[in-house]
Amino acid sequence: MPDDDRGTVLTIGRLAATAGVTVRAVRHYHHVGLLPEPERDASGYRRYSAQAAVDLIRIKTLADAGVPLARIDALLHAQPTEFAAAITDIDAELQRKIDQLTEFRSRIADLASGENLVLPPEVVAILNQMRGLGVSERRVRAERDSWILLQALDPQAMPQRIRDKTAGLDDPETTRLYLACDRAVDWDPHDPRLDRLIDDLDAWEIEHERDSSRPESLQLISFRISEASPAWQRIIEALAHRAERRRTAGHHS
């Protein structure tokens, strides 16, 4: 239907296209009272003036900026000074939301690693040092979980455990064995290479005079780590068995 040259010049479709909205959006703005709905003309069409297009563009702009529809009507009829003050308030509210979303993103980034939120910085540094040495992320996650368990079960043991772990990662032989265990994660529990690795680990424990009668908390942690790999489970069980034999032999001597 061609437009006439009187005050009403736009069909609802052309009005919507002019403002970059859908016809459905225009009808919604009619429904909530933001945009007056003109009467139908003799041909049965609703015709909109240029002013309606301007108002619709202003409505869309404010809505896109996050202004609630309930506030838009007042802004459309506000004096310039009132409008400017309201826009300043809206801008401040938007900035608060941006700051809040930025904080949420930061928290989500922390949650992705699962470390910074629940573990002290010294432990996070240990985990990052492990990554730098080439330890697999799978092993780092198991290590992270072990620290979380230790912190919950025996927090008093944390400082000494941190010192021991830091010293170990600074020692070339300890690091070599650590990386060897990491590579063994997917080995068959009966792989003969595990026998040699167990011998090396046992010799390390003897050399460092490790007390293998560990408290219940460390036993639980060792069990949690071994769950991730049958090969690791065999290593832990074999070392515990050898340590028990040494203690028994020591008592009988």
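Everything in this summary refers to the structure shown in the same document. Per-chain numbering applies: the sequence of each chain, read as written, is numbered from 1 onward. At least 70 in pLDDT is required for a residue's local features to be given in this predicted model, at least 80 for side-chain atom pairs to be given and counted, and no such filter applies to totals for whole chains, interfaces and linings, which use all residues. Remark: hydrogens and water are excluded; side-chain values derive from all non-hydrogen atoms of the structure.

**Some remarks on the packing of aromatic side chains**
Okay, so step 1: Here is the rule: rings of Phe, Tyr and Trp (six-membered ring for Trp) pair when centre to centre is within 6.5 Å. Planes less than 30 degrees apart are stacked, more than 60 are edge-to-face, and the remainder are tilted. The final tally for this structure, using the stated rule, is zero aromatic pairs.
Okay, so step 2: We note R139 situated over the ring of W232; from NZ or CZ to the ring centre the distance is 5.2 Å.
Okay, so step 3: Two conditions define a charge located above a ring, namely a distance within 6 Å from the ring centre to NZ of Lys or CZ of Arg, and an angle within 35 degrees of the ring normal. For R193, the ring lying beneath its charged end belongs to W187, and the centroid distance is 3.9 Å.

**With respect to the environment of L127**
Okay, so step 1: Helix and strand labels come from DSSP, where a helix needs a run of H or I of at least four residues and a strand needs a run of E of at least two; each type is numbered from the N terminus. Among the secondary structure elements, L127 is positioned in helix α6 (residues 121–133).
Okay, so step 2: On a C-alpha basis, the gap between L127 and E137 in space is 9.6 Å, while along the polypeptide they are ten residues apart.

**Re the packing of α6 against helix α7 (residues 137–153)**
Okay, so step 1: Relative orientation of the contacting elements α6 and α7 amounts to 165 degrees, with a least axis distance of 10 Å. Between α6 and α7, the crossing angle belongs to the class labelled roughly antiparallel. The chirality of how α6 crosses α7 is right-handed. For the pair α6 and α7, the contacting residues are V123, I126, L127, M130 and R131 in the first and E137, R139, V140, E143, R144 and W147 in the second.
Okay, so step 2: Residues were grouped as follows: Ala, Val, Leu, Ile, Met, Phe, Trp, Tyr, Cys and Pro as nonpolar; Asp, Glu, Lys and Arg as charged; and all remaining residues, including Gly, as polar. Taken together, the residues that form the contact of α6 with α7 break down as six nonpolar, no polar and five charged. For helices, the fitted line uses only the C-alpha atoms of the stretch in contact; every axis is such a line through C-alpha atoms, and the angle between N-to-C directions lies from 0 to 180 degrees. These descriptions rest on fixed angle ranges, namely under 35 degrees for roughly parallel, over 145 for roughly antiparallel, 65 to 115 for roughly perpendicular, and the rest for oblique. Left-handed describes a crossing whose near helix is turned anticlockwise from the far helix through less than a right angle; right-handed describes the clockwise counterpart. Residue contacts are counted whenever heavy atoms from the two residues lie within 4.5 Å of one another.

**Regarding helix α4 (residues 69–76)**
Okay, so step 1: Between buried and exposed lies partly exposed: a residue is buried under 20% and exposed over 50% of the maximum accessible area for its type, with that area taken using a 1.4 Å probe on protein chains only. Within α4 the residues assigned to the buried category are I72, L75 and L76. An end-on view of α4 places all buried positions within 95 degrees of arc, on one side of the element. Seen from the buried face of α4, the exposed residues on the opposite side, beyond 90 degrees, are A70 and A74. Note that the arc is defined by the directions from the helix axis to the C-beta atoms.

**Some points on the nonpolar core**
For soluble globular proteins, nonpolar side chains are generally found buried alongside one another.
Okay, so step 1: By nonpolar core we mean a set of buried residues, namely Ala, Val, Leu, Ile, Met, Phe, Trp, Tyr and Cys, connected to one another through side-chain atoms within 4.5 Å. Formed by 23 residues in total, the largest nonpolar core has its most connected members in L15, V26 and L56.
Okay, so step 2: Going through the elements one at a time, α1 (12–19), α2 (23–31), α3 (50–64), α4 and α5 (80–113) are the ones with two or more residues in this core.
Okay, so step 3: No other element matches the five residues that α3 contributes to this core.
Okay, so step 4: Setting aside anything within four residues of it in sequence, one finds V26 in contact with I12, L15, A16, V21, L35, Y48 and L56.
Okay, so step 5: Judged by nonpolar contacts, the second largest core, of 16 residues, contains A180, V185, A231 and A238.

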